[in-house]
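# Analysis of the macromolecular model
For reference, the chains in residue letters:
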Amino acid sequence: MSSPSPCKVLIVDDSAVVRQMLTEILSRDPGIEVVGSAADPLLARDKIKRLNPDVMTLDVEMPRMDGLAFLENVMRLRPMPVVMISSLTERGADTTLQALALGAVDFVSKPKLDVASGLQAYADEIIAKVKAAAKARVRPIARSNGPRTSLDTVLPSPPALRFRTTDRLIAIGASAGGTEALRVVLEQMPADAPAIVLTQHIPAGFSRAFAERLDRHSAMAVREASDGEAILPGHAYLPPGGQHMRVIRDGARWRCRIDDGPAVNRHKPAVDVLFRSVAQSAAGNAVGAILTGMGDDGARGLLEMAQAGAPTLVQDEATSVVWGMPGAAVKLGAAKDVVPLERIAQRLLDLAAQIA
């Protein structure tokens, strides 16, 4: 039986040092073949036609053509999995989030200083993300330009119904493809939805810009959580990048606990850390969901939530960019429901409303 062909990668970066380092790193894996590199989008355009790569790595800031404009053209004319290589700056974070909105699969953070040794430290992550991208589904995500939804239109109910913090909590985890999947879910949530706690694999320099981006798209108040703050209905909480977030019980309410402990499943923040805390602090008063993502982080935590009595669901394979995390949860028997992305918000509201 012949082994599968390696995935062909095109590296696009204006830095010769970065092109060389990425070529060396990716070429170490027998499942990857670097077929070429380009110093700017115009050169890359010709090489895409000639080399037909399976995956492209793309620097955010490029000469001769803006990286975002080039990405938009690629996704329109020749859609392919793209992994962004971005700097850990506030501007770089916002641009990277725009790139993910345009269809990029994932991103790797490029250190601001000593790029060569910094990229070597990320070697395993770069290889894993490129290989996962090769299997990713590249598709436009439907956008909603309509008015923000009210609870009465999403979930018809008696006027007296109000979500009390101690009654309902929604916990969501995501990774590759998750920045846009979370936007889709939160965009459909009403302003008075149950409190939501989120973990998205994202580095420290990106979390504030990400929270602000989600907040602009949601009727809920989306914020980067601070240690000890109360978890309230109508609010969604993200951990600061590079730190875990747990839910703790404080009398009749829940609070966020920001945890600077070691990485779990090679991630910090880790979905398993959040889900285990929700299983312990909220049990059957919570609903758990895993969206698109690479690896298996969150699967065991979702199983713990299910075993504690919480309804659980995952995003289906057809609408996931990478079905690693949701698929791992299904294999473990942790997911009681498998739902397409566009129906997840409604399903979460339905399940939350059913909690006694």
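Here goes a summary of the coordinates provided. (Residues numbered from 1 in each chain as written. Predicted model: local features only at pLDDT ≥ 70, side-chain atom pairs only at ≥ 80, totals over all residues. Heavy atoms only, no water.)

### Some remarks on the overall build of the protein chain
Filter applied, for reference: Secondary structure elements are taken from DSSP: a helix is a run of H or I of four residues or more, a strand is a run of E of two residues or more, and numbering for both begins at the N terminus. Buried means the residue's accessible area, taken with a 1.4 Å probe over protein chains only, is under 20% of the maximum for its type, while exposed means over 50%, and partly exposed covers the values in between. Should any heavy atoms of two residues lie within 4.5 Å, those residues are counted as being in contact. Under the convention used here, a 1.4 Å probe and the Shrake-Rupley method define accessible areas, while residue burial counts only the protein chains that appear.
When helices and strands are tallied, the protein chain shows 13 helices and 14 strands. Classification of the 356 residues of the protein chain by burial places 53% in the buried group. Long-range pairs, those at least 24 residues apart, make up 73% of the contacts in the protein chain with a sequence separation of at least 6. In the structure as shown, the protein chain presents an accessible area of about 14,700 Å², 51% of it carried by carbon and sulfur atoms.

### Some details on the sheet that holds strand β6 (residues 169–174)
The criterion, for reference: At least two DSSP bridges between two strands are required for those strands to pair. Between N-to-C directions, angles span 0 to 180 degrees; the directions come from axes that are lines fitted to C-alpha atoms, helices contributing only their stretch in contact.
Taking strand neighbours across the sheet as the criterion, the seven strands line up as β8-β9-β7-β6-β12-β13-β14 in an open arrangement whose pairing is parallel. On the outer flanks of this sheet lie β8 (221–224) and β14 (338–339), each paired with one strand and no other. Pairing analysis gives two bridges linking strand β13 (residues 312–315) to β14, with the strands arranged parallel. Bridge pairing in β14 links Q315 to V339. Helix α10 (residues 271–281) contacts β6, β7 (195–200) and β12 (286–290) of the sheet and is inclined by roughly 160° relative to β6.

### Observations concerning the packing of aromatic side chains
To keep things clear, this is the line we draw: Centres within 6.5 Å are what make two rings of Phe, Tyr or Trp a pair, Trp counting through its six-membered ring; a difference in plane orientation under 30 degrees is then read as stacked, over 60 as edge-to-face, and the rest as tilted. Both a distance and an angle decide whether a charge sits over a ring: NZ of Lys or CZ of Arg must be within 6 Å of the ring centre and within 35 degrees of the ring normal.
A complete count under the given rule lists one aromatic pair for this structure. When the ring of F107 is compared with that of F206, the centres are 4.8 Å apart and the planes differ by 20°; the resulting orientation is stacked. You can see F107 sitting in strand β5 (residues 106–110) and its partner F206 sitting in the loop between β7 and α9 (207–217), a full 99 residues away along the chain. The class for F107 is buried, based on a relative accessible area of 4%. Just above the ring of F107 sits the side chain of K129; from NZ or CZ to the centre is 5.3 Å.

### Considerations on the pairing of β7
Sheet faces and side chains relate simply in a regular strand, where the side chains alternate between the two faces. Rule in force here: Handedness rule for crossovers: strands pointing away from the viewer, path from the first strand over the helix to the second running clockwise, crossover right-handed.
Counting buried positions over the six residues of β7 gives six, a clear majority of the element. Taken together, the six bridges between β6 and β7 define a ladder with parallel strand orientation. Among the inter-strand pairings, I170 is bridged to a residue of β7, identified as I196. Tracing the backbone out of β6, into helix α8 (residues 178–187) and back to the parallel element β7 gives a crossover that is right-handed. Where β7 lies against strand β9 (residues 235–238), two bridges are found, and the strand directions are parallel. Its bridge partner lying in β9, V197 is registered against Y237.

### Quick notes on the pairing of β12
Of all five residues in β12, five are buried, a share of seventy percent or more. Burial along β12 is two-sided: the residues A286, G288 and I290 and V287 and A289 are all buried. Looking at chain direction, β6 and β12 are connected through five bridges and run parallel. Across the sheet, residue L169 finds its bridge partner in β12, namely A286.

### Focus: helix α13 (residues 341–354)
Rules: The length a helix should cover is 1.5 Å for every residue beyond the first.
Spanning 14 residues, α13 covers 21 Å between terminal C-alpha atoms, matching the ideal 20 Å at 1.5 Å per step. Those residues of α13 that sit buried are L341, I344, A345, L348, L349, L351 and A352.

### What to know about the nonpolar core
Rules: To form a nonpolar core, buried Ala, Val, Leu, Ile, Met, Phe, Trp, Tyr and Cys residues must be joined to one another through side-chain atoms within 4.5 Å.
Counting residues in each nonpolar core, the largest one holds 58 residues, and the members touching the most others are I172, M189 and L348. Top contributing element to this core by residue count: α13, with seven residues. Contacts of I172, omitting those with residues within four sequence positions, involve L182, V185, I196, V197, L198, T199, L274, F275, A289, L291 and L348. Within the second largest apolar cluster, 29 residues are counted, among which are M245, V247, L302 and M305.

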